[in-house]
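Here's the letter readout for the chains.
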Amino acid sequence: MKNVLVAGGGIGGTIVANRIAQKLGEEISRGEVTVSVFDRSEHHYYQPGFLLVSMGVMEPKETSLPEREVLDRRVKLYTGDKGTITKINVGDRQLITADGVIHRYDVLVLATGSHIQMDEVPGFSQGAETFFSLDGARKMLRAVQSFTGGDIVVDVALLPHKCPVAPLEITLMLDDYFRKKGIRDKVNIHYCYPIQGVFGIPNVNKMMLGLFESRGINIHSQFTLASVDAANKKIVSKEGEELRYDMLVAIPPHKGAQVIADSGLGDRRNWVPTDKYTLRLKDHDDVYVMGDTTDIPISKAGSTADYESYTVSHNVAVDIKGDGSKKTYPGSVFCYIATGMDQATYIKFDYNNPPTPPTPSQIHWWGKLAYNKLYWSIHARTLI
Amino acid sequence: MSSLKVYKSIDATSSSCSGPIGELSGAMNDALPSECVEIIVGDPATRDDVRVWAAKTGNRVVVDKEEQGKFRIIVEKVK
Ligand SMILES: Cc1cc2nc3c(=O)[nH]c(=O)nc-3n(C[C@H](O)[C@H](O)[C@H](O)COP(=O)(O)OP(=O)(O)OC[C@H]3O[C@@H](n4cnc5c(N)ncnc54)[C@H](O)[C@@H]3O)c2cc1C
């Protein structure tokens, strides 16, 4: 009996487990292989929906489903203490869960994701709204709906973070929301970014600078968040700039999962060293790493995890069958970028081909909404 | 040269949403003073960006070499 274990049942872990089950269906039914997903939660959260919840476009309940409903029935699921991984021992090919059970693997997929660090910047959790959690998105929606005027500061604390385009999206959505509400003249929007410009890819940065300028959005970069003074409603940068706010919408620093640190597998931010083509844990040919968990400088996005799942599932099947040639990951990423409350553009790129975002339009907005709606029925269940 | 403590090495030759400077600034945030971050970039304009960023943030470029059409830069965290 061979065991394929998937650590983490978020976007990446779920999709890859479903694809592996499809590829190893015969072996599973003959009792030669098991495929198991471990997650602390019974619920699968579709985090891209949190942005839309924070602006009232999507309902909170649309952003989660029981993981069992999304997983292929041939995949075993462990949740709660049985699914909470406390240690990964790559030397002995073991994964240990909070109930004390040791699970042995032949192939392991690490997909434990990235996690927001609300306490890393002093004052952050007291002073900032953030749509990077479901509760935060719900709370932010109330703040947005009751906002009558003043300074809105959108701040990115530290790079890299998941969904790199989300700060651009929320800024442009807020701008459009208050225009449509007829009070944009009472709202000043500021965008603070820790590197020069508003985004890291040159032609996307150029396009967004033009959009920001035409929408009257004030840019503060390079602005590296040092602290939030919630009592006096101001933020201070490491560069020495101070900015007053009435509403602070901030993207907190991110880290890989704690279990990565506890298992000695990552760097100081718990990103796992990963070969950018094979998606293997460096120096280990029986461990794959995908999604936000990797240290690959690309994009921590659900679409990245989805694209990577083709490579990982194929190669896991080859490893298990002991037959066939391996695939490599070409660095594919696809992300919609909302540029208002009814328009969007997108970026599609890979390691060798930078993106060329099309002119924002309503069609791409509908594409973004459709992707979100179809996630549960098509993408997570890997019908395509 | 051999005494450099490289905390992290970043291959920034491909497109990345945070961009080479975003990746570098993130890694430098976690490096300790006197540790270094190595970054490989694919073009001279990005190499210049790295140099400008290092100067602006008070860090020090300790290695800057062209190797097979790519640029290897090592930045030391000063404070
Ligand atoms: C506001 C917002 C908007 C976004 N918009 C987009 C978008 O438009 N497009 C896009 O492509 N991406 C978007 N993303 C990013 C996307 O959600 C993530 O990149 C994606 O979820 C990464 O998938 P993953 O499997 O690596 O991690 P996750 O989906 O985060 O899953 C990780 C899983 O690991 C589990 N886990 C962690 N530690 C343990 C442990 N010790 N034991 C057991 N289980 C554990 C967690 O419970 C979690 O279920 C957005 C994210 C946010 C927050």
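Details of the structure are given in the entry above.
Residues numbered from 1 in each chain as written. Chains lettered and ligands numbered in written order. Predicted model: local features only at pLDDT ≥ 70, side-chain atom pairs only at ≥ 80, totals over all residues. Heavy atoms only, no water.

1. Brief notes about the site of the ligand
Residues and elements named next belong to chain A.
Point 1. In the vicinity of the ligand there are 32 residues, among which Gly12, Asp39, Asp292, Gly302 and Ser303 approach most closely.
Point 2. Separating an oxygen atom of the ligand from a side-chain N or O atom of Gln47 is a distance of 2.9 Å.
Point 3. The contact in question runs from an oxygen atom of the ligand to an N or O atom on the backbone of Gly302, over 2.9 Å.
Point 4. The protein chains hide 94% of the 1000 Å² of surface that the ligand would expose on its own.
Point 5. Of all the secondary structure elements, the ones that give two or more residues to the shell around the ligand are α1 (11-23), α3 (48-54) and α10 (302-321).
Point 6. The leading source of residues in the shell around the ligand is α1, at three residues.
Point 7. Grouping the constituent residues of the shell around the ligand by class yields 12 nonpolar, 14 polar and six charged. (Near = heavy atom within 4 Å. Polar contact = N/O pair within 3.5 Å; in protein donor to acceptor, adjacent residues only side chain to side chain. Areas by Shrake-Rupley, 256 points an atom, 1.4 Å probe, with all protein chains shown as cover. Helix = DSSP H or I, 4+ residues; strand = E, 2+ residues; numbered from the N terminus. Nonpolar A, V, L, I, M, F, W, Y, C, P; charged D, E, K, R; others polar.)

2. Some thoughts on the nonpolar core
Point 1. Phe131, Leu174 and Phe199 of chain A are the most contacted members of the largest nonpolar core, which totals 101 residues.
Point 2. The element best represented in this core is helix α7 (residues 166-180) of chain A, accounting for eight residues.
Point 3. Built from parts of two domains, this core gets at least three residues from each of domain 1 (2-113 + 257-332) and domain 2 (122-253) of chain A.
Point 4. The contact partners of Phe199 of chain A, leaving out residues within four places of it in the chain, are Pro164, Val165, Leu168, Tyr193, Val204, Asn205 and Ile347 of chain A together with Cys17 of chain B.
Point 5. Residues Ile88, Leu110, Val259 and Leu265 of chain A belong to the second largest nonpolar core, which totals 18 residues. (Core = buried A, V, L, I, M, F, W, Y, C linked by side-chain atoms within 4.5 Å. Buried < 20%, exposed > 50% of the residue type's maximum accessible area, 1.4 Å probe, protein only. Domains from an automatic or database assignment. Contact = heavy atoms within 4.5 Å.)

3. What to know about the sheet that holds strand β13 (residues 218-221) of chain A
All names here are of chain A.
Point 1. If you trace the four strands from one edge of the open sheet to the other, you get β13-β12-β11-β17, paired in parallel fashion. Strand pairing shows two members of the sheet lacking a second neighbour, β13 and β17 (247-251), which therefore form its edges. Across this sheet, the average inter-strand angle for adjacent strands is 15 degrees, counted without regard to direction.
Point 2. Taken together, the four bridges between strand β12 (residues 187-193) and β13 define a ladder with parallel strand orientation. Residue pairing in the sheet places Tyr191 in a bridge with Ile219 of β13. (Pairing = 2+ DSSP bridges. Axes fitted to C-alpha atoms, helices over the stretch in contact; angles between N-to-C directions.)

4. Here's the deal with the packing of helix α1 (residues 19-30) of chain B against helix α2 (residues 44-56) of chain B
Residues and elements named next belong to chain B.
Point 1. Packing of α1 against α2 leaves a shortest axis separation of 10 Å and a crossing angle of 35 degrees. Taken as a pair, α1 and α2 cross one another with a handedness that is right-handed. Contact with α1, carried on its side by Pro20, Ile21, Leu24, Ser25 and Met28, involves Thr46, Asp49, Val50 and Trp53 of α2 and no other residues of that element.
Point 2. For the contact of α1 with α2, the residue count by class is six nonpolar, two polar and one charged. (Left-handed = near helix turned anticlockwise from the far one by under 90°.)

5. Some thoughts on unusual backbone geometry
All names here are of chain A.
Point 1. A cis geometry characterises the amide bond from Leu159 onward to Pro160, with omega recorded as -10 degrees.
Point 2. Mapped onto the fold, Pro160 is located in the loop between β11 (150-156) and α7.
Point 3. Cis geometry marks the peptide bond from Ser221 to Gln222; its omega dihedral reads 5 degrees.
Point 4. On the secondary structure map, Gln222 appears in the loop between β13 and β14 (225-229).

6. Structural notes on the environment of Ile363 of chain A
All names here are of chain A.
Point 1. Locating Ile363 in the fold gives a position in helix α11 (residues 362-379).
Point 2. The exposure class of Ile363 is exposed, given its relative accessible area of 64%.
Point 3. Along the chain, Ile363 and Arg179 lie 184 residues apart, while their C-alpha atoms are 21 Å from each other.

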